[in-house]
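As a plain string of letters, each chain reads:
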Amino acid sequence: MLTILFDGIAYGMLLFVLAVGLAVTLGLMNFVNLAHGAFAMAGGYLTAVLSNKLGVPFLASLPLAFVFVAALGAVLEPTLYRPLYRRPHLDQVLFSIGLVFIAVAGVDYAFGAQQQFVRLPAFLRGRFEIAGVGVGAYRLFIIAICGVLTLVLQAVLTRTRFGSRLRAAVDDSRVASGLGIDVNKVFLGTFAVGSGLAGLGGALGAEILGLDPTFPLKFMIYFLVVVAVGGTTTITGPLLASLLLGIADVAGKYYVPKLGAFIIYCVMIVVLMIRPQGLFARPAGR
Amino acid sequence: MGTPGERSPDASLAGFARQPRVRAWEVALWTAALAAWFLLPRQSALLNEIAILALFAVSLDLILGYGGIVSLGHAAFFGTGAYVAALFAKHLLPDPLVGLVVAIAAAALLGAITSVLVLRGTDLTRLMVTLGVALILYELANRFDNITGGADGLRGVVMGPLLGLFAFDLGGRVAYLYSLSVLLVLFFVARRIVHSPFGYGLKAIRDNARRATAIGIGQNAQLAIVYTISTAYAGAAGALLAQTTGFASLDGYDFHRSADVLLVLVIGGVGWLYGGVIGAVVFTLLRDVLSTITPQYWQGLIGLVFVVFVLVGRDRLARGFRALLPARWRGEDAA
């Protein structure tokens, strides 16, 4: 029971790191980016290649995944994404689905359709007991990393100058740019960091979520659920939403494996009916 | 629904109720579709696919182009129509027309129930909800594999002859004529709908919901009705596929299907019923060509088409299509 809770928390933390970038994209630019999972996949494959083929230690490949995918995001944002901010949502949906299809086929072409495995170092492989609760070392590691990341993100968002600029831009980008905040630059930075986090999440999650070319499609709905349920105005909203989702998913798959993700989708629809702006959203400044 | 033209046959409103003439190029288009049956007998299976996809795209156009609802899960109703038609034929009655009606009714019922869900919220909420509905149905069909056949698909569906006279042949000759006739009938029903006062009310809501409400157009009722009609059409398309191939599978609910039909519609032009038809022709031919180039990776190339389409600007391309027509045939009101 507690083990399920623990696994669920680890899963939820992972989802949070994966999806937080999407929350910002949606909240800041109102851009429906269905291709967010593709960035996560890029991080996962990078780690797989680095640690399996090139012999880079797993721990060293994690920051590399972050940096590489963040750079990818920084390149794609001004070139491909920026022209579409003012377009209707239909265009954004089409565009990002297109990116997903390209990513899926491209990865399939380069690495084949089979599942990729990331070799974990020995000290992360074990399983031990704390007060009678079975705890996987790797899941503990994930919780630790994601917990630290969450605290850092929260601190950056509330304590730094960049954070207050970002919050201002999310609340009302027009007024923010009127106050001399370069919203484009703020967004570029945020997009890159968000993509980087997705890449890191993909690298961390390769072991738990499974990594194959259909990754962006399989987890698209999960990211969207996190954002839609958590709202896009805070960091705690998506965090709570991902924890809930993670625990519910793990528990659901354990107790009623036949139903699969069915419960999640039903809960999502119910939540969206009752609170279309998300469970934890505060009224936006707009 | 408080559409003015329906209740008061006022002289000044009569123009709204008048149906536009069927133009020469429309006749030419449908004649060409029929001529294809005679001229390309070997391609009947492909033509059948085009007709079904066109019907599916027209169905999406009703809610996207006229209702302004972006749906990522329209396959939900396609798949439902397919399963209902296949199951009906397998267990109850193999007659295709009765099966078609039953499948349409089932999809419309499902659409009427879920229409409540798409009335609320923003674009994002609608995206998620429509996607969620399709995923739920996918999971259900997968779960109840004793009924649906699960991942293997529902096999052993034997269709009876059409009208009790024409048996479906392997080459798809009868199938194409059947699908084309259903498409033609449903298309002109849809054409009537979008040029009725109801259709004008929808366009008003799409363009400015608040103002439409202010002049007395009941938003929720209108959208719920068009959503239900659209899902009935999607169900019909699904049923046609299941009946003409004798097979229904989880593929009917697949995300690719919802995404592809969006592209089909966008290729041909949104908010224009012929957009779905033209898009279906272009898309199917494109896919045929791409999948002969790379049988495994053509989805990626389709993705590239998506991206290019958006970056170039879909309005510009759709206008380009129309610009190909002679000026006096063009006209915004041509369906």
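Residues numbered from 1 in each chain as written. Chains lettered and ligands numbered in written order. Predicted model: local features only at pLDDT ≥ 70, side-chain atom pairs only at ≥ 80, totals over all residues. Heavy atoms only, no water.

1. A short note on the overall build of chain A
Logical step 1: When helices and strands are tallied, chain A shows 11 helices and 2 strands.
Logical step 2: Order of helices (α) and strands (β) in chain A, N terminus to C terminus: α-α-α-α-β-β-α-α-α-α-α-α-α.
Logical step 3: Since a compact globule built from 286 residues should have a radius of gyration of about 19 Å, the 18 Å found for chain A is in line with a globular shape.
Logical step 4: Once the C-alpha set of chain A is aligned to its principal axes, its extents read approximately 55 × 45 × 35 Å.
Logical step 5: Going through the 286 residues of chain A one by one, you find that 55% of them count as buried.
Logical step 6: Sequence-distant contacts in chain A: of pairs separated by 6 or more residues, those separated by 24 or more amount to 79%.
Logical step 7: For chain A, the exposed area adds up to about 11900 Å²; of that, 68% sits on carbon and sulfur atoms.
Logical step 8: With 20 positive and 11 negative side-chain charges, chain A shows a spacing of 5 Å between the two charge centroids. (Helix = DSSP H or I, 4+ residues; strand = E, 2+ residues; numbered from the N terminus. Rg over C-alpha atoms; globule rule 2.2 N^0.38 Å. Buried < 20%, exposed > 50% of the residue type's maximum accessible area, 1.4 Å probe, protein only. Contact = heavy atoms within 4.5 Å. Areas by Shrake-Rupley, 256 points an atom, 1.4 Å probe, with all protein chains shown as cover. Lys, Arg positive; Asp, Glu negative; His and termini not counted. Charge placed at Lys NZ, Arg CZ, Asp CG, Glu CD.)

2. Examining the nonpolar core
Taken as a class, soluble globular proteins show a tendency for nonpolar side chains to be buried jointly.
Logical step 1: Grouped together as the largest cluster of nonpolar side chains are 196 residues, with contacts concentrated most on Tyr81(A), Ile97(A), Leu204(A), Leu55(B) and Leu72(B).
Logical step 2: Filtering out sequence-adjacent residues up to four positions away, Ile97(A) remains in contact with Leu34(A), Leu72(B), Phe255(B), Ala259(B) and Phe306(B). (Core = buried A, V, L, I, M, F, W, Y, C linked by side-chain atoms within 4.5 Å.)

3. Observations concerning a nonpolar patch on the surface
Residue and element names in this part refer to chain A.
Logical step 1: Together, Met1, Tyr254, Tyr255, Val256, Ile263 and Val267 make up an exposed nonpolar region whose accessible area comes to about 640 Å².
Logical step 2: Put simply, the parts of the chain that give the nonpolar patch at least two residues each are α10 (236-255) and α11 (262-274).
Logical step 3: The residue Tyr255 is located in helix α10 in this model.
Logical step 4: Under the relative-accessibility criterion, Tyr255 is labelled partly exposed at 48%. (Patch = residues over 30% accessible without salt bridge, like charges linked within 9 Å, V, L, I, M, F, W, Y side chains within 5 Å. Salt bridge = Lys/Arg side-chain N within 4 Å of Asp/Glu carboxyl O.)

4. Some points on the interface of chain A and chain B
Logical step 1: Contacts between chain A and chain B engage 41 residues on the former and 42 residues on the latter.
Logical step 2: Ranking the residues of chain A by area buried against chain B places Leu90(A), Phe101(A) and Met273(A) at the top, with a combined share of 18%.
Logical step 3: Between chain A and chain B we count 0 salt bridges in total.
Logical step 4: Scanning the region where chain A abuts chain B turns up 0 residue pairs in polar contact (both at pLDDT 80 or more).
Logical step 5: Put simply, the parts of the chain that give the side of chain A that touches chain B at least two residues each are α4 (89-111), α9 (215-230) and α11 of chain A.
Logical step 6: Here the side of chain A that touches chain B takes 14 residues from α4(A), the largest share from any one element.
Logical step 7: Residue classes in the side of chain A that touches chain B are distributed as 33 nonpolar, 4 polar and 4 charged. (Buried area = accessible area lost by both parts, 1.4 Å probe. Polar contact = N/O pair within 3.5 Å; in protein donor to acceptor, adjacent residues only side chain to side chain. Nonpolar A, V, L, I, M, F, W, Y, C, P; charged D, E, K, R; others polar.)

5. Looking at the packing of aromatic side chains
Logical step 1: The full count for this structure, using the stated rule, is 19 aromatic pairs over all chains.
Logical step 2: Plain terms: the ring middles of Phe31(A) and Tyr81(A) are 5.2 Å apart, the flat faces sit at 65 degrees to each other, and that makes the pair edge-to-face. Highlighted residues: Phe31(A) in the loop between α1 (2-29) and α2 (36-53) and Tyr81(A) in helix α3 (residues 58-81), separated in sequence by 50 residues.
Logical step 3: Given a relative accessible area of 0%, Phe31(A) falls into the buried group.
Logical step 4: When the centroid spacing of 4.6 Å and the interplanar angle of 50 degrees are considered together, the rings of Phe187(B) and Tyr274(B) count as tilted. Taken together, the residues span a long stretch of sequence, with Phe187(B) in helix α9 (residues 173-194) and Tyr274(B) in helix α14 (residues 273-293) at a distance of 87 residues.
Logical step 5: Of the residues examined, Phe187(B) reaches a relative accessible area of 0% and is grouped as buried. (Phe/Tyr/Trp six-rings, centres within 6.5 Å; stacked < 30°, edge-to-face > 60°.)

6. Description of the side chain of Asp249(A)
Residue and element names in this part refer to chain A.
Logical step 1: By secondary structure assignment, the location of Asp249 is in helix α10.
Logical step 2: The class for Asp249 is buried, based on a relative accessible area of 3%.
Logical step 3: Sequence-distant contacts of Asp249, that is, excluding residues within four places in its chain, are made with Tyr11, Tyr222 and Ile264.

7. As for the confidence of the model for chain B
Residue and element names in this part refer to chain B.
Logical step 1: Of the residues in chain B, 86% reach a pLDDT of 70 or more, and the chain-wide mean stands at 79.
Logical step 2: Below pLDDT 50 for its whole length, residues 1-9 participates in 15 contacts with residues either more than four positions away or in separate chains.
Logical step 3: In this model, residues 330-335 is a region of pLDDT below 50 whose contacts with residues beyond four sequence positions or in other chains number 19 contacts.
Logical step 4: The complex prediction reports pTM at 0.81, with the ipTM value standing at 0.76. (pLDDT = per-residue confidence, 0-100.)

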